[in-house]
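For reference, the chains in residue letters:
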Amino acid sequence: MSISKNQFKLITSLSQKKYRQKHKLFIAEGIKVVQEILNSSFELETLFCTDDFSSDVLEEKIVRVSEADLKKISNLKTPNKALGIFKIPDEKPDSNNGLTLALDAINDPGNLGTIIRLCDWFGVAELICSKDTVDCYNQKVVQASMGSLTRISIRYVDLTEYLSETQKPTFIADMDGENVYKTSLPKEGVLIMGNEANGVSDTIKKLITHKISIPRFGDIQETESLNVATATAILLSEFKRNY
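Only a predicted model underlies this, so the values are computations on that prediction, with no experimental measurement involved. (Residues numbered from 1 in each chain as written. Predicted model: local features only at pLDDT ≥ 70, side-chain atom pairs only at ≥ 80, totals over all residues. Heavy atoms only, no water.)

Student: Can you help me understand the overall build of the protein in this one?
Tutor: Of the regular secondary structure elements, the protein holds nine helices and 10 strands. Its C-alpha atoms give the protein principal-axis dimensions of roughly 60 × 40 × 30 Å. Relative to its full complement of 243 residues, the protein shows a buried share of 47%. The long-range share in the protein, meaning contacts at least 24 apart out of those at least 6 apart in sequence, stands at 74%. When the accessible surface of the protein is totalled, it reaches about 13,200 Å², and 48% of it is carbon and sulfur. With 30 positive and 33 negative side-chain charges, the protein shows a separation of 3 Å between the mean positions of the two kinds. (Helix = DSSP H or I, 4+ residues; strand = E, 2+ residues; numbered from the N terminus. Buried < 20%, exposed > 50% of the residue type's maximum accessible area, 1.4 Å probe, protein only. Contact = heavy atoms within 4.5 Å. Areas by Shrake-Rupley, 256 points an atom, 1.4 Å probe, with all protein chains shown as cover. Lys, Arg positive; Asp, Glu negative; His and termini not counted. Charge placed at Lys NZ, Arg CZ, Asp CG, Glu CD.)

Student: Would you take a moment to explain empty space enclosed by the protein for this structure?
Tutor: To find leftover empty space, one rolls a probe the size of a water molecule over the atoms. Under the definition given, this model contains one cavity of 30 Å³ or more. The wall of the largest cavity is formed by Thr183, Leu185, Glu238, Arg241 and Asn242. Residue composition of the lining of the largest cavity, grouped by class: one nonpolar, two polar and two charged. (1 Å grid on protein atoms, 1.4 Å probe; cavity = no way out; pocket = protein on both sides within 12 Å on 5 of 7 lines; lining within 4 Å. Points joined across faces, edges and corners; volume = space filled by probe spheres on them. Nonpolar A, V, L, I, M, F, W, Y, C, P; charged D, E, K, R; others polar.)

Student: Help me understand the layout of surface pockets, please; the structure alone is not making it clear to me.
Tutor: Considered as a void within the structure, the second largest pocket measures approximately 490 Å³ in volume. If you trace the second largest pocket, you find 22 residues lining it, with Ile88, Pro89, Glu91, Tyr137 and Ile154 closest to the centre. Among the secondary structure elements, those contributing two or more residues to the lining of the second largest pocket are α2 (17-23) and β7 (153-157). Considering only residue class, the lining of the second largest pocket consists of nine nonpolar, four polar and nine charged.

Student: Help me understand the sheet that holds strand β1 (residues 25-29), please; the structure alone is not making it clear to me.
Tutor: What holds strands together in a sheet is hydrogen bonding between their backbones, with the strands either parallel or antiparallel. Taken in spatial order, the four strands line up as β1-β4-β2-β3 in an open sheet, and their pairing is mixed. Edge positions in the open sheet fall to β1 and β3 (62-64), since each of these has one partner strand only. Mean inter-strand twist for the sheet, computed between neighbouring axes without regard to direction, equals 15 degrees. Of the pairings in the sheet, the one linking strand β2 (residues 44-49) to β3 comprises three bridges and is parallel in character. (Pairing = 2+ DSSP bridges. Axes fitted to C-alpha atoms, helices over the stretch in contact; angles between N-to-C directions.)

Student: Explain the environment of Ile172 to me, please; I cannot follow it from the model alone.
Tutor: Here Ile172 is to be found in strand β8 (residues 170-179). Using a relative accessible area of 0% as the deciding quantity, one classes Ile172 as buried. Not counting residues within four places of it along the chain, the set of residues in contact with Ile172 comprises Ile192, Val200, Lys205, Ile208, His210, Lys211 and Ile212.

Student: How do you make sense of the pattern of salt bridges when you look at a structure like this?
Tutor: One side chain can pair with another of opposite charge once the charged atoms of both are near each other. Going through the model one piece at a time under the given rule, you end up with 11 salt bridges. In this structure, the salt-bridge partner of Glu36 is Lys32, at a minimum N-O distance of 3.7 Å. With Glu36 and Lys32 both in helix α3 (residues 31-38) and four residues apart, the pair spans about one turn of that helix. The exposure class assigned to Lys32 is partly exposed, which follows from its relative accessible area of 49%. (Salt bridge = Lys/Arg side-chain N within 4 Å of Asp/Glu carboxyl O.)

Student: Can you walk me through the packing of aromatic side chains in this structure?
Tutor: The geometry of an aromatic ring pair is captured by two quantities: the separation of the ring centres and the angle between the planes. Applying the stated criterion across every chain, the model contains five aromatic pairs. Taken together, the aromatic side chains of Phe26, Phe42, Phe86 and Tyr137 make up a single cluster linked through ring pairs. (Phe/Tyr/Trp six-rings, centres within 6.5 Å; stacked < 30°, edge-to-face > 60°.)

Student: Is there a simple way to explain the sheet that holds strand β6 (residues 126-130) in this structure?
Tutor: Ordered by their spatial adjacency, six strands build an open sheet running β7-β6-β5-β9-β8-β10, and the pairing between neighbours is parallel. A strand with exactly one partner marks an edge of an open sheet, and here the two such strands are β7 and β10 (210-213). Going across the sheet, the axis of each strand differs from the next one's by a mean of 35 degrees, ignoring polarity. Judged from the six bridges that link them, strand β5 (residues 99-104) and strand β9 (residues 189-194) form a sheet pairing that is parallel. Bridge assignment links Asp104 to a residue of β9, and that residue is Gly194. Lying over the sheet, helix α9 (residues 228-240) contacts β5, β8, β9 and β10, oriented at roughly 165 degrees with respect to β9.

Student: When you look at the side chain of Asp104 in this model, what are you seeing that I'm missing?
Tutor: Looking at the element boundaries, Asp104 is found in strand β5. Although buried, Asp104 forms no salt bridge, and the nearest oppositely charged side chain, Lys205, lies 8.9 Å from it. With residues near it in sequence (within four places) discarded, Asp104 still touches Ser130, Thr133, Leu159, Ile192, Met193, Gly194, Asn195, Gly199, Val200, Ser201 and Ile204.

As C-alpha cells, this is what we get:
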C-alpha cells in the first residue's frame, strides 16, 4: 500500500508546532520509541510500517509501506521500520505532590527530551514548562525522550504566574548558591532550570526562595557551566537521594 497525498501532506505538516496543535497529533519514529508509545495510554491515529514490523495494532490503523516510501516521510537519517502518528493527550491538572521540575525557556529539543527521561528515571511525575520552552511533541524531543514522554505529566504555563502561586519552596541552580552537597533538600519543592545560554531569567529569580550550586572540583576550574540536562541530572539525584 502506498502513502496517499493527504497522508503525506499531514505527516509533513506535523513538523511544525502550529499544525501539531491544530490537529492535536504528533509523530514518533523507530521500533523502540513507537513500541513504547503503543504500549502506553496514548492513542494511535495511524501506523506506517514495513511488513516485518509486528504489533497488536488494529489492521484498520495500519498502513503497510515499502522502505522506500518510509524513507520519504522519515526525519531520521536512517529510517527505521515504523512511523506512528499519535493523538496529543489533554494536559493533566496540577498534582501538587512531591518534587516538581520547572523549565524556563529551554530551547534545545535534545535537552528537553533528555530532561523528560530524567524525570522518568528519578520519579518526578510533573514537568512544568514556560510557554517559550520547546514543544515536547517536537519530533526531536519525542525521539530523545525514548518513550518517557508517555509517563510524565507535562504542562505549559505562564511560569511567573505559576511560581507566584505555588506554596512549595522554590530552587534554582546558581553559582552563588549554597553547595548542593551540603544542603538539606526537602521532599517537596519546585526546581527551576534555565535557558541554555542565559540561565534562569531575572523575572523568575525574583520569585524563588533558595539558590543552590553544583561545586566545581577540577584544579583549573575554567569551565563556565554545565549542560542544562547534565545539571538537572545531578540536582535531581541530590533531591531524591535521601527519600
